[in-house]
Amino acid sequence: MSQSLSLPGDGASTVTAAVASHAPSRPALSPQGDALSALAQLLLSHRNVLVLTGAGISTASGIPDYRDDAGVRRGRLPIQGSEFRQSEAARKRYWARSMLGWPRLAQAVPNAAHQALAQLQAAGHVGAILTQNVDGLHQQAGSHDVLELHGSIHAVRCLACGTPYGRAGIQAQLERSNPAFAQLQAEVLPDGDAQLEPDADAAFHVPACTACGGMLQPDVVFFGDGVPAARSVQAEALTRDCDAMLVVGSSLMVLSGFRFARMVAAGGKPVVAINRGRTRADELLAFKLQEDAESVLPRLATRLQSQQPA
C-alpha cells in the first residue's frame, strides 16, 4: 500500500512514500524536508539512475497523452498491429489519420522537462533514458543514450524488403496522392494520430515502397505487438545495471514499461516517480511527486547545480 505525505516547500509538491507491506523488499527512503529535496538526495546518493519516461513528459510540447490522472485510457483504442498488416481498410484508416495528425507532432519542440533532463544527464545525475515515447524530443533536447522502447514515429520501413524512409518524405507522398484530405481539419490525438469521421478514409490512397511496392509501416511498436527482442534485451541490461530508477510522466499501465520498474524494485533498488496521477507501480515506489514534469525537473536541475562543488 502507499501513504501520501504532504511536505512543505516548492509549492504544492506531494511525496507519496511507499509502506513496505506486501511490496517487494527495497531500500527504505524516508524523504526529509520537501519533495524536491528528497528527489535531489536520491540522485546524489545513487551512481546510475535509469530514467523511464512516458507521454506525460511531452504534453507540455503540445502532444496529447493517452490516459487521465486515474490511469484510464481516453477515447477509442488505437489500431492494432495485426489489424494494420492484415486489413487494407485499417491501413487506409491509419495513414489518413496520420497524414492529418503527424504534422503537429513533427513541429513539436522539447519543453522544459526534456531540457532539464538533458541537463541532469550531462551533469552525471542520471544515466540512460528508456522512453515509451516515439516523438524524438529527448534527442532534440540533447539527451544521449536514449533507448526508444516503442520506436520512432519519424521513421517508416518496408515490411517486404526493409527499405527505410523518413516520415517527412512519406508525408509529402501522402499529400500528393490525397489532395482533398490536406484541407481537412481534425482533432489531434496521441502519437501523430487524428480524429476522422467513420468511413471518411474509404477513398484514401496508402503509400507503398518505391523499391519493391511492398507494405509500408511506421517504425513503431503498434498496440498488440511486442518490443523487438534485441531492444528488449538492451533495456533489460540497462535495468540490471542501474542502482535506482526515476519514472517521469508515465502511468506504467503498459507492460512494456511497467516490467522494468518491477525488475528494479524486485532487485531491492529504489523506484521513484514524477507523475500527476496514479501509476501501475504505486505499490512499488519509494516515493512519488504528484506534479507535472515540466514543473519539477527544471527546479531539480537548478537545485543540483547549486550543490555542485565550485
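Residues numbered from 1 in each chain as written. Predicted model: local features only at pLDDT ≥ 70, side-chain atom pairs only at ≥ 80, totals over all residues. Heavy atoms only, no water.

Draft legend 1. Just the packing of helix α4 (residues 112–122) against helix α9 (residues 293–306), in detail. Contact geometry for α4 and α9: axes closest at 8 Å, N-to-C directions at 30 degrees. Looking at the two axes, α4 sits roughly parallel to α9. α9 is crossed by α4, and the crossing has left-handed handedness. For the pair formed by α4 and α9, the contact residues are Ala112, Ala113, Ala116, Leu117, Gln119 and Leu120 on the first element and Ala293, Glu294, Leu297, Pro298, Leu300, Ala301, Leu304 and Gln305 on the second. (Axes fitted to C-alpha atoms, helices over the stretch in contact; angles between N-to-C directions. Helix = DSSP H or I, 4+ residues; strand = E, 2+ residues; numbered from the N terminus. Parallel < 35°, antiparallel > 145°, perpendicular 65-115°, else oblique. Left-handed = near helix turned anticlockwise from the far one by under 90°. Contact = heavy atoms within 4.5 Å.)

Draft legend 2. Region of the structure containing the packing of aromatic side chains. Under the counting rule described, the total for this entry stands at four aromatic pairs. Between the aromatic rings of phenylalanine 84 and tyrosine 94, the centroid separation amounts to 5.5 Å while the plane-to-plane angle is 90 degrees, which identifies the pairing as edge-to-face. With phenylalanine 84 in helix α2 (residues 81–86) and tyrosine 94 in helix α3 (residues 88–107), this pair connects stretches of sequence that are ten residues apart. According to the relative accessible area criterion, tyrosine 94 is buried, its value standing at 13%. Note on tyrosine 94 and tryptophan 95: the rings are 5.2 Å apart at their centroids and 85 degrees apart in plane angle, and the pair reads as edge-to-face. Look at tryptophan 95 and you get buried, because its relative accessible area is 0%. (Phe/Tyr/Trp six-rings, centres within 6.5 Å; stacked < 30°, edge-to-face > 60°. Buried < 20%, exposed > 50% of the residue type's maximum accessible area, 1.4 Å probe, protein only.)

Draft legend 3. Layout of the pattern of salt bridges. For the coordinates displayed, the defined rule picks out eight salt bridges. The partner of arginine 303 in a salt bridge is aspartate 34, and the shortest N-O contact between them spans 3.6 Å. Note that arginine 303 is positioned in helix α9 and aspartate 34 in the loop between β2 (14–18) and α1 (35–45), a separation of 269 residues in sequence. On the basis of relative accessibility, which here comes to 13%, the residue aspartate 34 falls in the buried class. We note a salt bridge from glutamate 291 to arginine 299, for which the minimum N-O separation is 3.3 Å. Here arginine 299 falls in the partly exposed class, since its relative accessible area comes to 24%. (Salt bridge = Lys/Arg side-chain N within 4 Å of Asp/Glu carboxyl O.)

Draft legend 4. Spotlight on the confidence of the model for the protein chain. On average, residues of the protein chain carry a pLDDT of 83, and 77% of them reach 70 or more. Note on residues 1–33: pLDDT is under 50 here. Beyond four places in sequence and across chains, it has 78 contacts. (pLDDT = per-residue confidence, 0-100.)

Draft legend 5. Inspection of the nonpolar core at higher detail. Leu39, Leu297 and Leu300 are the most contacted members of the largest nonpolar core, which totals 30 residues. Those elements that place two or more of their residues in this core are α1, β3 (49–53), α4, β11 (244–248), β12 (271–274), β13 (287–289) and α9. When residues in this core are grouped by element, the largest group, seven residues, is from α1. Once residues lying within four places of it in the same chain are set aside, the contact partners of leucine 297 are Ile57, Ala113, Ala116, Leu117, Leu120, Val248 and Ile274. Counting 24 residues, the second-largest nonpolar core is a separate cluster that includes Ile79, Tyr94, Leu105 and Tyr165. (Core = buried A, V, L, I, M, F, W, Y, C linked by side-chain atoms within 4.5 Å.)

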